[in-house]
Amino acid sequence: MRCEIRHATEYRYPKPAWDSFNQVRLHPSQEARQTVRSFHLHVAPDAEITSHKDYFGAIVHHVHVHDPHTHLLIEAQALVDTHPVPDPAPVPFGTLWAERARHTEFLVASPRVPGGAWPELFGVTRPAGGDDLPSFLSDLNSQLYRQFTYDTQATTVSTPLAEFATHQRGVCQDFTHAMLGVTRQLGIPARYVSGYLYSGGEMVGAEATHAWVECFIPGYGWLGFDPTNNCVAREKHVKIGHGREYSDVSPVRGTYYGGGQGRMDVAVHVYGDQ
């Protein structure tokens, strides 16, 4: 599937701001499940732009606007081909124990996904060593989808997982952090994925950057699960990058001097051609 992506982030300030420095993670990843044909980052006013790869391999652009400005536009355009994702073969849950040491960073607690009895809090039955891991993950994905309510007004980017657990209403970020909490407590290496979603009106979460979970399956590798839409991350999902949690892959964040209380607007459009 070919996906054309346009992602615009605009800041408006009541007074001139200067020395605005932003970290931008909007470049889709190049990997087996997708091919990046082109990427362009446009910034207005003129900015100094550099880039590097972060610890997890994502391309990060650094945008520095030196001069005073009351409006800042950061617009990313990308053309990506996504490819079919094969289904994993059955694998006993117990095979994970030999893999844990290689993926410790995706098993331990982090600020937004702290340790806790998340399986019990979300009513998840712990699997036995002989249970099929891919089937368990698929069932877990479906359970959380049915259990949680998608509500864009219920949470913010800073809502703690424990607070979300009490009312279980939120957005893809919350669904993803909850699934990470459950899987990591069960010994399943799992990572937070930031990306885009082509919905065609069929799925939710396409109005901004989307989030889902990648879980490690021995003998297969990493497979994406989207609890917000009860599906595996296939051709309609375009990955930007992954990390332990949202903070590792937040799309745009930065600092500036002056400006007063600014306002941010984000517009994401994903066009698909199958």
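Residues numbered from 1 in each chain as written. Predicted model: local features only at pLDDT ≥ 70, side-chain atom pairs only at ≥ 80, totals over all residues. Heavy atoms only, no water.

## Details of the sheet that holds strand S10 (residues 221-226)
Right, so step 1: If you walk across this open sheet you meet the five strands as S11-S10-S9-S8-S12, and the pairing is antiparallel. The sheet is open, and its two borders are formed by strand S11 (231-232) and strand S12 (237-243), each paired with just one other strand.
Right, so step 2: As defined by bridge partners, strand S8 (residues 190-197) adjoins strand S9 (residues 210-217) across six bridges and the pair is classed as antiparallel. Following the sheet pairing, glycine 195 is matched in S9 by histidine 210.
Right, so step 3: Strands in contact with helix H2 (residues 133-147) are S9, S10 and S11; relative to S9, the strand with the most contacts, it is inclined by about 160 degrees. (Pairing = 2+ DSSP bridges. Helix = DSSP H or I, 4+ residues; strand = E, 2+ residues; numbered from the N terminus. Contact = heavy atoms within 4.5 Å. Axes fitted to C-alpha atoms, helices over the stretch in contact; angles between N-to-C directions.)

## Points about helix H4 (residues 172-185)
Because the α-helix completes a turn every 3.6 residues, residues three or four places apart line up on one side.
Right, so step 1: A rise of 1.5 Å per residue sets the reference length of H4, with its 14 residues, at 20 Å; its end C-alpha atoms lie 20 Å apart and thus fit the reference within 8%.
Right, so step 2: Burial analysis of H4 places 13 of its 14 residues in the buried class, which makes it a mostly covered element.
Right, so step 3: Of the residues trailing H4, glycine 187 is marked for its positive phi of about 85 degrees. (Expected span 1.5 Å × (residues − 1). Buried < 20%, exposed > 50% of the residue type's maximum accessible area, 1.4 Å probe, protein only.)

## Brief notes about the UniProt feature "domain: Transglutaminase-like" (unreviewed entry) in the protein chain
Right, so step 1: When the UniProt feature table is mapped onto this chain numbering, "domain: Transglutaminase-like" (unreviewed entry) sits at residues 164-229.
Right, so step 2: Annotated as residues 164-229, this span is 27% helix and 36% strand, and its ends, taken at the C-alpha atoms, are 18 Å apart. (UniProt positions renumbered as here; feature names shortened; annotations may be inferred.)

## Thoughts on unusual backbone geometry
Right, so step 1: With an omega of 0 degrees, the peptide bond between alanine 44 and proline 45 qualifies as cis.
Right, so step 2: Relative to the elements of secondary structure, proline 45 occurs in the loop between strand S2 (34-44) and strand S3 (48-53).
Right, so step 3: In this structure, asparagine 230 is a non-glycine residue whose phi angle is positive, near 55 degrees.
Right, so step 4: Looking at the element boundaries, asparagine 230 is found in the loop between S10 and S11.

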